[in-house]
Amino acid sequence: MTQLPYAIDAETPLNPAELNVLRAQYEKEGDMVGVQTKFNYAWGLVKSNVRTDQHLGVMLLSEIFRTSPERRRECLYYLALGNYKLGNYGDARRYNDLLLDKEPANLQAANLRSLIDDKVAKEGLMGVAIISGVAVAAGVIGGVLLRNLGRKR
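Everything in this summary refers to the structure shown in the same document. Bear in mind that the values here come from a model prediction, so they are computed numbers and not experimental data.

### Some points on the nonpolar core
Judged by nonpolar contacts, the single largest core of 31 residues is most densely connected at Leu61, Cys75, Tyr78, Leu79, Leu81, Tyr84 and Leu112. Looking at this core, the elements that each hand over two or more residues are α1 (16-29), α2 (35-47), α3 (51-67), α4 (72-86), α5 (89-102) and α6 (107-152). Top contributing element to this core by residue count: α4, with nine residues.

### Comments concerning the side chain of asparagine 106
Following the sequence through the fold, asparagine 106 ends up in the loop between α5 and α6. The exposure class assigned to asparagine 106 is buried, which follows from its relative accessible area of 15%. A polar contact is formed between the side chain of asparagine 106 and the side chain of glutamate 103, at a distance of 2.9 Å. Only 3.0 Å separates the side chain of asparagine 106 from the backbone nitrogen of glutamine 108, close enough to count as a polar contact.

### A look at α5
Since one α-helical turn is 3.6 residues long, residues separated by three or four positions face the same way. Helix length check: α5, at 14 residues, gives a terminal C-alpha distance of 20 Å against a target of 20 Å (1.5 Å per residue), a fit within 8%. Restricting attention to buried positions, one finds in α5 the residues Tyr89, Ala92, Tyr95, Asn96, Leu99 and Leu100. Relative to the axis of α5, the buried residues are bounded by an arc of 140 degrees and lie together on one face. More than 90 degrees from the buried face of α5, the exposed residues found are Gly90, Asp101 and Lys102.

### Overview of the environment of lysine 102
Here lysine 102 lies in helix α5. Judged by relative accessible area, which is 56%, lysine 102 ranks as exposed. C-alpha of lysine 102 to C-alpha of arginine 73: the two residues are 29 residues apart in sequence and 8.2 Å apart in space. For lysine 102, the residues in contact, after removing those within four places along its chain, are Arg73 and Leu76.

### Describing the pattern of salt bridges
Going through the model one piece at a time under the given rule, you end up with six salt bridges. With a shortest N-O distance of 3.1 Å, glutamate 103 and arginine 73 are connected by a salt bridge. Placement of the pair is glutamate 103 in the loop between α5 and α6 and arginine 73 in helix α4, with a sequence separation of 30 residues. Residue class for glutamate 103 comes out partly exposed when judged on its relative accessible area of 24%. Look at arginine 73 and you get partly exposed, because its relative accessible area is 41%. With a shortest N-O distance of 3.1 Å, aspartate 97 and arginine 113 are connected by a salt bridge.

Parameters at a glance
Residues numbered from 1 in each chain as written. Predicted model: local features only at pLDDT ≥ 70, side-chain atom pairs only at ≥ 80, totals over all residues. Heavy atoms only, no water. Core = buried A, V, L, I, M, F, W, Y, C linked by side-chain atoms within 4.5 Å. Buried < 20%, exposed > 50% of the residue type's maximum accessible area, 1.4 Å probe, protein only. Helix = DSSP H or I, 4+ residues; strand = E, 2+ residues; numbered from the N terminus. Polar contact = N/O pair within 3.5 Å; in protein donor to acceptor, adjacent residues only side chain to side chain. Expected span 1.5 Å × (residues − 1). Arc of directions from axis to C-beta. Contact = heavy atoms within 4.5 Å. Salt bridge = Lys/Arg side-chain N within 4 Å of Asp/Glu carboxyl O.

Here it is in structure tokens:
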């Protein structure tokens, strides 16, 4: 679990009953779903530990962000959080930075920025280690092949 209290949303899903209440309301409103109902459902989905739920939540929040300019600010944090949880760190950082530009003192967004930066650094180091390992293995294999070719001559 993270040690950043303001980024607690990154790791605290709703319980299934709570998410089902939001889903039922969303489905009940059907084609005439209100922006607040859609936001509430998307919020619950983004908080989920289920990847398909997170993806749907980001999709719904993106729709709200595009179609309801007056609701953009409140979508930014959860778009950042959802993309973070999905591993889309570039998008997560972009949305989070937009929010921090509007609200520099937002502790929740500042803590999410730390989580994003830590994850990017960790995965970047893992990527470097993997590439280094592949390069070493290729060098060893190449050396063995060249040595064997030299013996055959």
